[in-house]
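# A structural walkthrough
The lines below spell out each chain.
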Amino acid sequence: MEFFKRIRSKLKIRNLIWAVVSLFVIALFVFSIVSDIKGGFGHSVRLFSTKIGIPVWLEVFFWILVILFFVILFITSIKSFFRDTEYNELLKTAESFGSVEHLGETLSEISPSKYAKGELRCNSAYLFYRIGSDVYLIDTRSITAIDHKVHRNMKRTVSTYYVCVKTVTSEIKIKVKRRNIEKLENEIMQTIGKKFTPKSQSTEQ
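Everything in this summary refers to the structure shown in the same document. Each chain carries its own residue numbering, running from 1 in the direction its sequence is written. Restriction of local features to residues with pLDDT of at least 70 applies here, the model being predicted, together with a cutoff of 80 or more for giving and counting side-chain atom pairs; totals for whole chains, interfaces and linings are based on all residues. Derived side-chain values reflect all non-hydrogen atoms in the structure, with water molecules and hydrogen atoms excluded from consideration.

### Details of the overall build of the chain
Where we set the bar: Secondary structure elements are taken from DSSP: a helix is a run of H or I of four residues or more, a strand is a run of E of two residues or more, and numbering for both begins at the N terminus. Per-residue accessibility, obtained with a 1.4 Å probe over protein chains only, is compared with the maximum for each type, and a residue is labelled buried under 20%, exposed over 50%, and partly exposed between these values. Between two residues, a contact is recorded if the distance between any of their heavy atoms is within 4.5 Å. Every accessible area reported is derived by Shrake-Rupley at a probe size of 1.4 Å, with residue values counting cover from the shown protein chains alone.
Looking only at helices and strands, the chain has 5 helices and 9 strands in total. Listing the helices and strands of the chain from first to last along the sequence gives α-β-β-α-α-α-β-β-β-β-β-β-α-β. Across the 205 residues of the chain, 36% fall into the buried class. Counted over contacts in the chain with a minimum sequence separation of 6, partners at least 24 positions apart contribute 55%. Total accessible area on the chain is roughly 12800 Å²; 60% of this is exposed by carbon and sulfur atoms.

### Observations regarding the environment of Arg8
Position of Arg8 among the secondary structure elements: in helix α1 (residues 2-39). It is 5.7 Å that separates the C-alpha atoms of Arg8 and Tyr87, two residues lying 79 residues apart in sequence. Those residues within four positions of Arg8 in sequence are excluded, and the remaining contacts are Asp84 and Tyr87.

### Examining the environment of Ile64
For Ile64, the location among the structural elements is in helix α2 (residues 56-83). When its relative accessible area of 48% is taken as the criterion, Ile64 is described as partly exposed. Once the C-alpha coordinates of Ile64 and Val30 are considered, the two residues, 34 residues apart in sequence, prove to be 9.3 Å apart.

### Some thoughts on the sheet that holds strand β3 (residues 119-122)
The line we're drawing: Paired strands, as defined in this entry, are two strands with at least two bridges between them according to DSSP. For helices, the fitted axis covers only the stretch in contact; all axes are lines through C-alpha atoms, and the angles between them, taken along N-to-C directions, range from 0 to 180 degrees.
Spatial ordering of the open sheet is given by β3-β4-β5, a layout of 3 strands whose pairing is antiparallel. Lying at the two open borders of the sheet, with one neighbouring strand each, are β3 and β5 (134-139). On average, adjacent strands in this sheet sit at an angle of 5° to one another, irrespective of strand direction. With 6 bridges joining them, strand β4 (residues 126-131) and β5 adopt antiparallel strand pairing. Its bridge partner being in β5, Tyr126 is matched across the sheet by Asp139.

Treat this as a map of the structure, not an account of what it does.
Encoded structure:
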């Protein structure tokens with residue numbers, strides 16, 4: 001269980017960090033609203049050479065939306081921290097494969113991939129991947145395809161690359177550097193003993 005206990009600790013730390021960050025942002029925006037109330041609303045934006053005033057209701061609506069988003073993030077992170085939401089889901093999946101103790105020992109003996117961002121451990125039987133608070137564990141026999149995706153922001157200035165491991169019911173997007181896409185695909189296919197023809201896909205965020 002040492003392997004899973006370590007993962008549990010990492011997930012707790014991650015959730016706690018998000019909770020603290022969310023609380024800080026909420027406090028910052030509340031302070032901004034109070035300052036606007038005291039100083040008076042009246043911000044404007046410059047469109048070409050003309051200044052356009054922002055309506056008070058629009059400013060208030062924007063502040064409320066932002067605060068609401070971070071309140072939800074704070075509540076979700078705190079709940080996950082105390083209830084071990086992601087960890088319990090991981091443990092439930094591990095139990096479906098048999099002995100959790102044996103699986104933990106097996107995964108701990110597998111060296112993490114040097115190509116993937118996050119923690120990727122894979123052998124002929126199991127694939128484990130964790131990045132941030134997202135954790136995945138699958139039987140490699142369930143893998144039906146491997147390909148890669150490129151996510152670009154709206155201005156197409158920043159790209160994020162993923163190697164995607166697919167099963168009938170899910171898709172695991174493994175974050176990777178562009179130069180390591182093919183290396184990671186080949187590493188996974190060689191490890192699990194299956195050969196696929198990866199197809200590139202591009203999507204915008």
